[in-house]
Amino acid sequence: MNPFFNAMGGGMGGSPMLGQFQQFMQQMRGKDPNAMIQEMVQSGRISQQQLYQVQQQAQQMQGMFEGLRGMFGK
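The model shown is predicted, which means the values in this text are computed figures rather than measured ones. (Residues numbered from 1 in each chain as written. Predicted model: local features only at pLDDT ≥ 70, side-chain atom pairs only at ≥ 80, totals over all residues. Heavy atoms only, no water.)

J.: Please clarify how the overall build of the protein should be interpreted in this entry.
T.: Summing up its helical and strand segments, the protein has four helices and zero strands in all. Going from N to C terminus, the protein has its helices and strands arranged as α-α-α-α. Residue burial in the protein is summarised as follows: out of 74 residues, 5% are buried. Summed over all atoms, the accessible surface of the protein reaches about 6600 Å², with 59% contributed by carbon and sulfur. (Helix = DSSP H or I, 4+ residues; strand = E, 2+ residues; numbered from the N terminus. Buried < 20%, exposed > 50% of the residue type's maximum accessible area, 1.4 Å probe, protein only. Areas by Shrake-Rupley, 256 points an atom, 1.4 Å probe, with all protein chains shown as cover.)

So this is what it looks like as structure tokens:
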């Protein structure tokens, strides 16, 4: 059995991580993520530096996913 498949809830009984993700998606439904981020910066919950670091990490991950997509011909 594939460990990744099991981690994503493919095995018997589901996965706590998958349940948390589904709950997160329900909470986010209909909300503007950019507006939420700006509110977090303005309220001081995150700093501009933290936002910048996360944006850099997201760009790096996007490049990795693009590479994977190329492997599958899409």
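J.: Can you help me understand the pattern of salt bridges in this one?
T.: Working definition: two side chains of opposite charge can pair if their charged atoms are close together. If you walk through the whole model with that rule in mind, you get two salt bridges. For the salt bridge of glutamate 39 with arginine 45, the shortest nitrogen-to-oxygen distance reads 3.8 Å. Classification of glutamate 39 as partly exposed rests on a relative accessible area of 40%. The exposure class of arginine 45 is exposed, given its relative accessible area of 57%. Of the charged contacts in the structure, one is a salt bridge between arginine 69 and glutamate 66, with a shortest N-O distance of 3.4 Å. Residue arginine 69 and its partner glutamate 66 are both found in helix H4 (residues 48-71); the two are separated by three residues, about one turn of the helix. By relative accessible area, which is 44% here, arginine 69 ends up partly exposed. Glutamate 66 sits in the partly exposed class, given a relative accessible area of 40%. (Salt bridge = Lys/Arg side-chain N within 4 Å of Asp/Glu carboxyl O.)

J.: What's the story with the confidence of the model for the protein in this structure? I'm lost.
T.: It should be kept in mind that the predicted coordinates are not to be read in detail where pLDDT is low. On average, the protein scores 82 in pLDDT, and the residues at 70 or more come to 78%. For the protein, helix H1 (residues 3-7) is the element with the lowest average pLDDT, namely 61, and helix H3 (residues 33-43) is the one with the highest, namely 91. (pLDDT = per-residue confidence, 0-100.)

J.: Help me out: how do you make sense of the layout of surface pockets in this one?
T.: The probe, sized like a water molecule, is rolled over the atoms to show the empty space still left. Its volume calculated, the largest pocket comes out at about 230 Å³. Lining the largest pocket are Phe24, Met28, Pro33, Met36, Ile37, Glu39, Met40 and Arg45. Every element with two or more residues in the lining of the largest pocket is listed here: helix H2 (16-28) and H3. The element best represented in the lining of the largest pocket is H3, accounting for five residues. Among the residues forming the lining of the largest pocket, the class breakdown is six nonpolar, no polar and two charged. (1 Å grid on protein atoms, 1.4 Å probe; cavity = no way out; pocket = protein on both sides within 12 Å on 5 of 7 lines; lining within 4 Å. Points joined across faces, edges and corners; volume = space filled by probe spheres on them. Nonpolar A, V, L, I, M, F, W, Y, C, P; charged D, E, K, R; others polar.)

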